[in-house]
Amino acid sequence: MRSLCVSVVLLQLVGTSLCQFPRLCANSEGLRTKECCPLWEGDGSACGALSGRGFCTEVQVSDEPNGPQYPHNGIDDRERWPLAFFNRTCRCAGNYGGVNCGECRFGYWGSNCAEYRESVRRNILTLSSAEQQKFISYLNLAKNTISRDYVISTGTRAEMGENGENPLFSDINTYDLFVWMHYYVSRDAFLGGPGNVWRDIDFAHESAAFLPWHRVFLLHWENEIRKLTGDFNFTIPYWDWRDSQSCEVCTDSLMGGRSSLNPNLISPASVFSSWKVICTQPEEYNSREALCNATGEGPLLRNPGNHDPNRVTRLPTTADVDFTVGLPEYETGPMDRFANMSFRNVLEGFASPETGMPVPGQSTMHNALHLFMNGTMSSVQGSANDPIFVLHHAFIDSIFERWLRTHQPLRNSYPRTNAPIGHNDGYYMVPFFPLYRNGDYFLTDKALGYEYAYLLDPGQRFVQEFLTPYLQQAEQIWQWLLGAGILGAAIATLFAVLVVVARRKWKRNQRRKRASSYTERQPLLHSSSEEGSSYQTTL
């Protein structure tokens, strides 16, 4: 726990990382000066310096040696990130964050970012139908709304000119922004000339940064959806796929069922059938020595279960997850896809969840789910096009959280040197702005303001999974309930009045009938009385 406290203190010094590239800095002036320190509108100063929110400072990158997997130097914009583009950025103080320190870092809220709030991510299969549909509508809104704050790079820094005279940036919708980021961090390195690339490079996969990088990726995705929708209670749901035999979320009411016309397509009954994918043709980009420019490239593809059974023999089980969480070492040996008994390597899916040893030619755990989907999600660079990506990685992140709580590792358990390029502790995550170091996010999710429902204690879990959804639904329909209650009360009152009126009328009629009967039968009563009988005795 001591290491957690130290990590939290260090985190206070780092601003909230935002996405590639901040619109305010994506211009000739920003490229020429290599400075990205936008004004905060709250006081009109760069990084909100006059209000003590942050300050503009030189970027200090780590010079620790990288592993041998990438032998080149000075040919890729992602080396020594972000110096190819900017060498001065905002560093936010305390709980402030954002590209200009005008927001709060993860988990903090309020004008002064002093309120800590813990959000709970829940299993998508336990959400109410209304909550599921709201999530899908948010996804579609993000797919159809141009990002207000960020743009993407459509060319390398060299193509933009020495002084930034040819800035190559483009608008992109909010959902595809994150698809592009996932492409950019994992793309091949251009070595010069068509098709001349280095493939053994990835700044977010196949080594130590896999889990911290995707943790930050999800937090930013969640934050952008909140800002877009105004729903600051929104949290990413997860799909608990342990022991699944099929794609349980592949239904028209959730992430889209299979088309009856073409098994590789999404059912026309799902909104996702109309989505166009981007960044799914890496070989074409390599042949042109060009970056993905986010042009639509066709429909979303998915055919779950019809994958290569030799590559993925089965989906992960509860026993697989438990074995993986039990591994004590985060990284081992070469710290890549050949690492033995490495928690990260087994969870990522390059090693067996039964032995901990690498299994070349097979995919397990995280990788198994990607390949099982047998479509767009099955290739690294374009996988984030499929919205199941978010559900899947949220659950992977929860397993990472289980491991952190089980072993409570010290910061030095994360590799400081000799990991593949982009994965050392002090390396800034590509392509986030301002900047995040990998090792700063090797810590529990509670320091970042969120939690997973299935990791709560039983009492809290009942509140989050059952009571809270019920109360939220009641809150959403309270006006309807009030109206229904008033209408019901009015109907009941009217019915009661009618019953009373009818009963009184019936009684009056009965009295009239008895009076009439008494008059007609009076002689008989006298006769009866004389015979020793009467009305009372007969009754």
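Note that residues are indexed from 1 along each chain, following the sequence as it is written. Per-residue local features are limited, in this predicted model, to residues with pLDDT of at least 70; the limit for side-chain atom pairs, both in listing and counting, is 80 or more; totals at the level of whole chains, interfaces and linings are taken over all residues. To get the side-chain values, take all heavy atoms of the structure and skip hydrogens and water.

Under an unreviewed UniProt entry, the protein has the name Tyrosinase and belongs to Acanthochromis polyacanthus. Quoted straight from UniProt, the Subcellular location (unreviewed entry) entry for the protein says "Melanosome membrane". UniProt positions are given in the numbering used here, feature names are shortened, and annotations may be inferred rather than shown by experiment.

Among buried residues, the Ala, Val, Leu, Ile, Met, Phe, Trp, Tyr and Cys ones that are joined through side-chain atoms within 4.5 Å form a nonpolar core. Relative accessibility thresholds used throughout: buried, under 20% of the residue-type maximum; exposed, over 50%; partly exposed, between the two (1.4 Å probe, protein chains only). One finds Trp81, Trp221 and Met255 to be the most contacted residues of the largest nonpolar core, which totals 121 residues. No other element matches the 11 residues that helix α10 (residues 388-407) contributes to this core. Whether two residues are in contact is decided by their heavy atoms, any of which lying within 4.5 Å being enough. In contact with Trp221, not counting residues within four places along its chain, are Phe135, Leu139, Tyr175, Phe178, Phe234, Ile236 and Val390. Core analysis: the next-biggest nonpolar cluster, separate from the first, contains 9 residues, Cys37, Cys90, Tyr96 and Tyr108 among them. Working definition: helices are DSSP H or I runs of at least four residues, strands are E runs of at least two. Numbering for both runs from the N terminus.

Attention shifts here to the packing of helix α9 (residues 365-372) against α10. Every angle, taken between N-to-C directions, lies between 0 and 180 degrees, and every axis is a line fitted to C-alpha atoms, over only the stretch in contact when it is a helix. One way to put it is that α9 packs onto α10 with a least axis distance of 11 Å and a crossing angle of 165°. As judged from the angle between their axes, α9 and α10 are roughly antiparallel. Where α9 crosses over α10, the two elements pack in a sense that is right-handed. Here His366, Leu369 and His370 of α9 come into contact with α10, specifically with Phe389, His392, His393 and Ile396. A class-by-class count of the residues in the contact of α9 with α10 yields 3 nonpolar, 4 polar and no charged. If an angle is under 35 degrees, it is roughly parallel; if it is over 145, roughly antiparallel; if it lies from 65 to 115, roughly perpendicular; otherwise it is oblique. Left-handed describes a crossing whose near helix is turned anticlockwise from the far helix by less than a right angle; the clockwise case is right-handed. Gly counts as polar in this scheme, as do all residues outside two lists: the nonpolar Ala, Val, Leu, Ile, Met, Phe, Trp, Tyr, Cys and Pro, and the charged Asp, Glu, Lys and Arg.

All right, on to the packing of aromatic side chains then. Pairing of aromatic rings covers Phe, Tyr and Trp, the last through its six-membered ring, and needs centres within 6.5 Å; plane angles under 30 degrees mean stacked, over 60 mean edge-to-face, and all others mean tilted. Summed over the entire model, instances satisfying the criterion amount to 42 aromatic pairs. Pairing Phe400 with Phe442 gives two aromatic rings, centres 6.4 Å apart and planes at 35°, and the pair type is tilted. Residue Phe400 is found in helix α10, and its partner Phe442 is found in the loop between α10 and β15 (450-452); the two are separated by 42 residues along the sequence. Here the two residues Phe400 and Phe442 agree in accessibility, since each one is buried. One aromatic cluster in this structure is built from Phe21, Trp81, Phe85, Phe86, Phe169, Trp180, Tyr183, Tyr184, Tyr285 and Phe433. Here Arg53 stacks its cationic end above the ring of Trp40, 4.3 Å away from the centre of that ring. The rule is short: NZ of Lys or CZ of Arg within 6 Å of the ring centre and within 35 degrees of the ring normal puts a charge over the ring.

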